[in-house]
Number of protein chains: 2
Amino acid sequence: MTHYDKILFGDKMITSLDNPKIKYLQKLSQAKNRKKEARFVVEGKHLVEEARKLDLLIEAYSIDDIPNYTQISKAVMEKICNTDTVISEIGLCKMLSDDKISNKVLILDAIQDPGNMGTLMRSAVAFGFNTIVLGEGCVDIYNPKVIRSSQGAIFKLNFLNKNLLEFLPTISKYKIYGTDVVNGVELDNIIAYKNIAIVLGNEGNGISKEVKNLIKENIYIPMLNTESLNVSVAGSIIMYKLRG
Amino acid sequence: MTHYDKILFGDKMITSLDNPKIKYLQKLSQAKNRKKEARFVVEGKHLVEEARKLDLLIEAYSIDDIPNYTQISKAVMEKICNTDTVISEIGLCKMLSDDKISNKVLILDAIQDPGNMGTLMRSAVAFGFNTIVLGEGCVDIYNPKVIRSSQGAIFKLNFLNKNLLEFLPTISKYKIYGTDVVNGVELDNIIAYKNIAIVLGNEGNGISKEVKNLIKENIYIPMLNTESLNVSVAGSIIMYKLRG
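Fair warning: this is a prediction, and the values are worked out from it, not measured in the lab.

Draft legend 1. Layout of the environment of T83(B). Position of T83(B) relative to the elements: it lies in the loop between α5 (74–81) and β4 (89–94). Distance in space between the C-alpha atoms of T83(B) and E37(B) is 23 Å, their sequence separation being 46 residues.

Draft legend 2. Highlighting empty space enclosed by the protein. Under the criterion given, the structure shown has 1 cavity of 30 Å³ or more. Within this model, the largest cavity holds a volume of roughly 50 Å³. Broken down by class, the residue content of the lining of the largest cavity amounts to 4 nonpolar, 2 polar and 2 charged.

Draft legend 3. Spatial organisation of the relation of the copies chain A and chain B. The two copies are related by a screw operation: chain A maps onto chain B through 180° of rotation and 0.0 Å of translation along the axis, at an RMSD of 0.0 Å. When the rotation and shift are considered jointly, the pair of chain copies conforms to a two-fold rotation axis.

Draft legend 4. Region of the structure containing the packing of helix α10 (residues 231–241) of chain A against helix α10 (residues 231–241) of chain B. Put simply, α10(A) and α10(B) touch, their axes get as near as 9 Å, and they point 60° apart. Considering the angle they form, α10(A) stands oblique to α10(B). With respect to the hand of their crossing, α10(A) and α10(B) are arranged in right-handed fashion. Contacts between α10(A) and α10(B) involve S232(A), V233(A), S236(A), I237(A), Y240(A) and K241(A) on the former and, on the latter, S232(B), V233(B), S236(B), I237(B), Y240(B) and K241(B). When the residues that make up the contact of α10(A) with α10(B) are grouped by side-chain class, the tally is 6 nonpolar, 4 polar and 2 charged.

Draft legend 5. Region of interest: the pattern of salt bridges. Residues and elements named next belong to chain A. Applying the stated criterion across every chain, the model contains 19 salt bridges over all chains. Taking the shortest distance from any N to any O, the salt bridge between E43 and R148 comes out at 3.3 Å. Placement of the pair is E43 in strand β1 (residues 39–43) and R148 in helix α7 (residues 144–150), with a sequence separation of 105 residues. You can call E43 buried: its relative accessible area is 17%. Note that K53 and E50 form a salt bridge whose closest N and O atoms lie 4.0 Å from each other. In this pair, K53 and E50 both sit in helix α4 (residues 45–53), 3 residues apart, roughly one turn of the helix. Judged by its relative accessible area of 12%, E50 falls in the buried class. Each of E50, K53 and K156 takes part in a single network of salt bridges with overlapping partners.

Draft legend 6. Local environment of the interface of chain A and chain B. Listed per partner, the contact involves 31 residues of chain A and 31 residues of chain B. Together, the buried faces of chain A and chain B total about 2400 Å²; carbon and sulfur atoms form 56% of this surface. In terms of surface lost to chain B, no three residues of chain A exceed R122(A), E227(A) and Y240(A), which account for 27% of the buried area on that side. Applying the counting rule to chain A against chain B returns 2 salt bridges. In this structure, D188(A) and R243(B) form a salt bridge, with 3.0 Å as the shortest nitrogen-oxygen distance. For the pair chain A and chain B, the interface holds 11 residue pairs in polar contact (both at pLDDT 80 or more). If you list the elements that add at least two residues to the side of chain A that touches chain B, you get α6 (114–126) and α10 of chain A. Broken down by element, the side of chain A that touches chain B gets its largest block of residues, 6 residues, from α10(A). Looking at the side of chain A that touches chain B residue by residue, the classes come out as 13 nonpolar, 11 polar and 7 charged.

Draft legend 7. Molecular detail of the pairing of strand β6 (residues 131–134) of chain B. Residues and elements named next belong to chain B. Neither face of β6 is open: one carries T131 and V133, the other I132 and L134, and all of them are buried. Pairing of strand β5 (residues 104–109) with β6 involves 4 bridges; the strand directions are parallel. Paired with I107 across the bridge in β6 is V133. For the crossover from β5 across helix α6 (residues 114–126) to β6, the handedness is right-handed. Pairing between β6 and strand β7 (residues 158–161): 4 bridges, direction parallel. Across the sheet, residue I132 finds its bridge partner in β7, namely F159.

Draft legend 8. A look at the side chain of S150(A). By secondary structure assignment, the location of S150(A) is in helix α7. Polar contacts involving the side chain of S150(A) include one to the main-chain carbonyl oxygen of I147(A), which spans 3.1 Å. The residues contacting S150(A), other than those within four sequence positions of it, are G118(A), M121(A), R122(A) and E227(B).

Draft legend 9. Structural view of the packing of aromatic side chains. Applying the stated criterion to the full structure yields 6 aromatic pairs over all chains. Judged by centre distance (4.4 Å) and plane angle (45°), the ring pair of F40(A) and Y142(A) falls under tilted. Of this pair, F40(A) sits in strand β1 while Y142(A) sits in the loop between β6 (131–134) and α7, and the two are 102 residues apart along the sequence. Ring centres of F127(B) and Y240(B) lie 5.8 Å apart, and the angle between their planes is 65°; this geometry places the pair in the edge-to-face category. Separated by 113 residues along the polypeptide, F127(B) in the loop between α6 and β6 and Y240(B) in helix α10 bring together distant segments of the chain. Overall, F127(B) belongs to the buried group, its relative accessible area being 0%. For Y240(B), a relative accessible area of 1% puts it in the buried group. Looking at R52(A), its charged tip hangs above the ring of Y69(A), at a distance of 5.4 Å from the centre.

What counts, and where the lines are drawn
- Residues numbered from 1 in each chain as written.
- Chains lettered and ligands numbered in written order.
- Predicted model: local features only at pLDDT ≥ 70, side-chain atom pairs only at ≥ 80, totals over all residues.
- Heavy atoms only, no water.
- Helix = DSSP H or I, 4+ residues; strand = E, 2+ residues; numbered from the N terminus.
- 1 Å grid on protein atoms, 1.4 Å probe; cavity = no way out; pocket = protein on both sides within 12 Å on 5 of 7 lines; lining within 4 Å.
- Points joined across faces, edges and corners; volume = space filled by probe spheres on them.
- Nonpolar A, V, L, I, M, F, W, Y, C, P; charged D, E, K, R; others polar.
- Least-squares fit on C-alpha atoms with pLDDT ≥ 70 in both.
- Axes fitted to C-alpha atoms, helices over the stretch in contact; angles between N-to-C directions.
- Parallel < 35°, antiparallel > 145°, perpendicular 65-115°, else oblique.
- Left-handed = near helix turned anticlockwise from the far one by under 90°.
- Contact = heavy atoms within 4.5 Å.
- Salt bridge = Lys/Arg side-chain N within 4 Å of Asp/Glu carboxyl O.
- Buried < 20%, exposed > 50% of the residue type's maximum accessible area, 1.4 Å probe, protein only.
- Buried area = accessible area lost by both parts, 1.4 Å probe.
- Polar contact = N/O pair within 3.5 Å; in protein donor to acceptor, adjacent residues only side chain to side chain.
- Pairing = 2+ DSSP bridges.
- Right-handed = clockwise from strand over helix to strand, strands pointing away.
- Phe/Tyr/Trp six-rings, centres within 6.5 Å; stacked < 30°, edge-to-face > 60°.
- Lys NZ or Arg CZ within 6 Å of the ring centre and 35° of its normal.

By themselves, these figures tell us nothing about what the structure is for.
Okay, here's the thing in structure tokens:
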């Protein structure tokens, strides 16, 4: 509906939680529904407009009466967003996935923290790891917290959900590196092959034993002591070093 | 009280919120009280024992009857911790600060996210940036969320609270680097001087204008596009590269 339509037909602000569009948006607060529908919601004008630019936007909603946005009441917006902070714009977006994988791939084995996931996405875009393979046990990437910390990187990456035990043997033309402090090659000595896959493991437990068995070489990041790094930092340092 | 004492004098589990020790612990949930008392609380046996090893522990508390811990009831523990997850052990710790600063220094200008702060601490320990200077507007480092994500790094660093406009001119023997994508030297071309100070800015706004005016050189991290990095990732990559 254009601004002109609104003048002709009156204000059509959605105020009811029973409105089918609102019901649909609320349904998408659950990961299983997002997956089934291949749709997700982003918060904030910046992300909505980013989605629009990339042709991933289905419909935009605002609590204000602005062009190209469907107006909804503040109470309805609060019900959809379920956050403490006031959000004025949201966008309904479509998920895309492509089986073609990039030369540099990031493989995640049960990364659970939304902040870590979002941070890894930003770094992956920055350093050209344009495909992210999500093993079982990873946090849902369309979780609002992940989207928030990804800062738009979510639109610029190709995501594949895979069973890593089945997937790893299919990418034999890639040099696959795990991360291991004890049994690894120092990052400074790693050669930047054309096709590289980096495997990162769970925040508490690292890479699972079964996945480890499929990895022949590990990288370690030189440190001055036995301190460990946050997984999103470790992954980002490795991607920075092997970028391209 | 030893285990033997307990046998002699009976079980002394604290069950009342009016107990002065418990009142004191609860008081420390507020940043201003932590600062005034120079005391803070850590959660989890791992951190408590780390503090004990480094002689920073004043008293340890547990919901279980174990040696070297004062037993408190589960209800009391829940009141102190105020988290969703069950915590069995906490420790009352003292803050330390030393005016002597290390050769490699991390300077933070209004870092507000607890996760970013904790992550930067871990990386600072790993890469030998043993002094962290906290400018105004930084999240309180003794905030439970920061401590959790610092994973013990909080005990291994020297923290100084400073007004950065006054502090920066006092470290003229340090090479001071800001971070700036537009107006900087590529990280790969930075020389690892003996005395280096890295300044990182606020998540949303970067380094404040006034602080920027005091910085002569900036570093930028080469990226494949205009994507920005999470500040804790950017800081960690720089510290990794200039470690020592």
